[in-house]
Amino acid sequence: MKVISEIKEINRTLSTLKSSNKTIGLVPTMGALHQGHISLIEKSIAENDISIASIFVNPTQFDKQEDLVNYPNTIENDIKLLKNSGCDIVFTPNANEIYNDNITSQNFMFDGLEHEMEGKQRVGHFDGVGTIVKKLFEIIQPHNAYFGEKDFQQLQIIKKLVELENLNINIIGCPIYREKDGLAMSSRNIRLSESQRSEAPFIYKTLKKAQDKSTNISFEEIYTWVNNEFKNHPSLKLEYFEIAEEKTLKTAKSKFANKKYRAFIAVFADNIRLIDNISF
Ligand code: AMP
């Protein structure tokens, strides 16, 4: 596996590969890799001639400086995991390489997708995501790019980015990879204390119960039930619980038979923010 940090060098490597008609799969990440990320790489390996993972902790997508500073860095282990997975290239640029001293985001309009849920809570977050993903797409020009449903709103926004920018890249959504107890794998999980870690599966358990209930009771009743569950579980602070239509991500108050819905949740364990979602 090649580890490349300069754009010039990745351009050189890619031009040779592209001239021999190799298909290229890209998995953008911010490192601190876990099996969830590896499941994306494995899908890319199965579907492309060459698979590239990028590792870049993108400063412009953090709404809180504290979160950026505390973002885990496990680069040696990341490289080991990627090598063992069969990944061909890991692209590890620094901020200067990507932003040339101008660490700012482009402003995007994603048909309103950016104003829902995470967009309300994390101002500027999706401008940062759009900026880095667009830059990575320009550099790598992959045929296929893989994103996790763990960040379902981000996945929908990237699909919209490709549509608006008219890019010839397939965006492939991959299922949420979970720990045995149901907790969605996340780079932030390693920041949880032992007791927070033992509490955290409550998030998925609640989503799962809400999913079961969605066949019998109204969305309004589910909102009330979930809010009460978290009131009775004060070690986890509910930031939002929303049931939304999958395509528009608009909050759904009631169900229509021809639409797909998903429940989204953001919870704080002290200052560690965890998100998850489930299809209804
Ligand atoms: P991140 O490093 O957190 O920016 O994540 C990089 C990619 O991995 C994103 O497309 C995420 O949605 C995806 N991802 C993160 N955690 C998981 C998970 N538990 N299951 C599936 N995909 C994930």
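Residues numbered from 1 in each chain as written. Predicted model: local features only at pLDDT ≥ 70, side-chain atom pairs only at ≥ 80, totals over all residues. Heavy atoms only, no water.

*Asks:* How do you make sense of the site of the ligand when you look at a structure like this?
*Replies:* As a matter of local geometry, the ligand sits amid 17 residues, with Met30, Gly148, Asp151, Tyr177 and Met185 nearest to it. Residue Asp151 places a side-chain N or O atom 2.6 Å away from an oxygen atom belonging to the ligand. Out of a free accessible area of 480 Å², the ligand has 92% covered by protein chains. Assessed atom by atom at 2 Å from the grid points, the ligand resides in the largest cavity. Listed by contribution, the elements that provide at least two residues to the shell around the ligand are β2 (24–29), α2 (35–47) and β5 (144–148). In terms of residues, the shell around the ligand owes the most to one element, α2, which gives 3 residues. Grouping the constituent residues of the shell around the ligand by class yields 9 nonpolar, 6 polar and 2 charged. (Near = heavy atom within 4 Å. Polar contact = N/O pair within 3.5 Å; in protein donor to acceptor, adjacent residues only side chain to side chain. Areas by Shrake-Rupley, 256 points an atom, 1.4 Å probe, with all protein chains shown as cover. 1 Å grid on protein atoms, 1.4 Å probe; cavity = no way out; pocket = protein on both sides within 12 Å on 5 of 7 lines; lining within 4 Å. Sits in = over half its atoms within 2 Å of the grid points. Helix = DSSP H or I, 4+ residues; strand = E, 2+ residues; numbered from the N terminus. Nonpolar A, V, L, I, M, F, W, Y, C, P; charged D, E, K, R; others polar.)

*Asks:* Is there a simple way to explain the sheet that holds strand β7 (residues 237–245) in this structure?
*Replies:* The strands that make up a sheet are held in pairs by hydrogen bonds between backbone atoms, and each pair lies either parallel or antiparallel. The strand order β7-β8-β9 describes an open sheet built from 3 strands, whose pairing is antiparallel. With one partner strand each, in any of the chains shown, β7 and β9 (272–279) form the two edges of the open sheet. On average, each strand axis in the sheet is inclined to that of its neighbour by 15°, with strand direction left out of account. Pairing of strand β8 (residues 261–269) with β9 involves 8 bridges; the strand directions are antiparallel. (Pairing = 2+ DSSP bridges. Axes fitted to C-alpha atoms, helices over the stretch in contact; angles between N-to-C directions.)

*Asks:* I would appreciate a short explanation of α2 in the present structure.
*Replies:* Note that an α-helix has 3.6 residues per turn; residues three or four places apart therefore point the same way. In this model α2 runs 18 Å from its N-terminal to its C-terminal C-alpha over 13 residues, within 8% of the 18 Å that 1.5 Å per residue would give. For α2, the set of buried residues is Gly36, His37, Ile38, Ser39, Leu40, Ile41 and Ser44. (Expected span 1.5 Å × (residues − 1). Buried < 20%, exposed > 50% of the residue type's maximum accessible area, 1.4 Å probe, protein only.)

*Asks:* I would appreciate a short explanation of the nonpolar core in the present structure.
*Replies:* In this structure, Ile52, Phe137, Ile140 and Ile171 are the most contacted members of the largest nonpolar core, which totals 41 residues. Once you skip the residues sitting within four places of it in the chain, Ile140 turns out to touch Ile10, Leu14, Lys18, Ile24, Leu26, Ile52 and Phe91. Membership of the second largest hydrophobic core comes to 27 residues, among which are Ile222, Val226, Leu236 and Ile265. (Core = buried A, V, L, I, M, F, W, Y, C linked by side-chain atoms within 4.5 Å. Contact = heavy atoms within 4.5 Å.)

*Asks:* Please clarify how the sheet that holds strand β1 (residues 2–4) should be interpreted in this entry.
*Replies:* Strand order in the open sheet formed by 6 strands is β1-β4-β3-β2-β5-β6, with parallel pairing between adjacent strands. Edge strands, defined here as strands with exactly one partner in the open sheet, are β1 and β6 (170–174). The mean inter-strand angle of the sheet, taken between neighbouring strand axes irrespective of direction, is 25°. Sheet analysis places β2 next to β5, joined by 2 bridges and oriented parallel. Bridging across to β5, Gly25 finds its partner in Asn144. Packed on one face of the sheet, helix α7 (residues 125–140) meets β2, β3 (50–55), β4 (89–91), β5 and β6 and runs near 150° to β2.

*Asks:* Before we go on, may I ask you to explain helix α10 (residues 201–213) in this structure?
*Replies:* Counted at 1.5 Å a residue, the expected span for α10 with its 13 residues is 18 Å, and the 18 Å between its end C-alpha atoms agrees. The complete set of buried residues in α10 reads Pro201, Phe202, Ile203, Tyr204, Thr206, Leu207 and Ala210. In this structure, the buried side of α10 is in contact with α9 (194–199), α11 (219–231), β7, β8 and β9.

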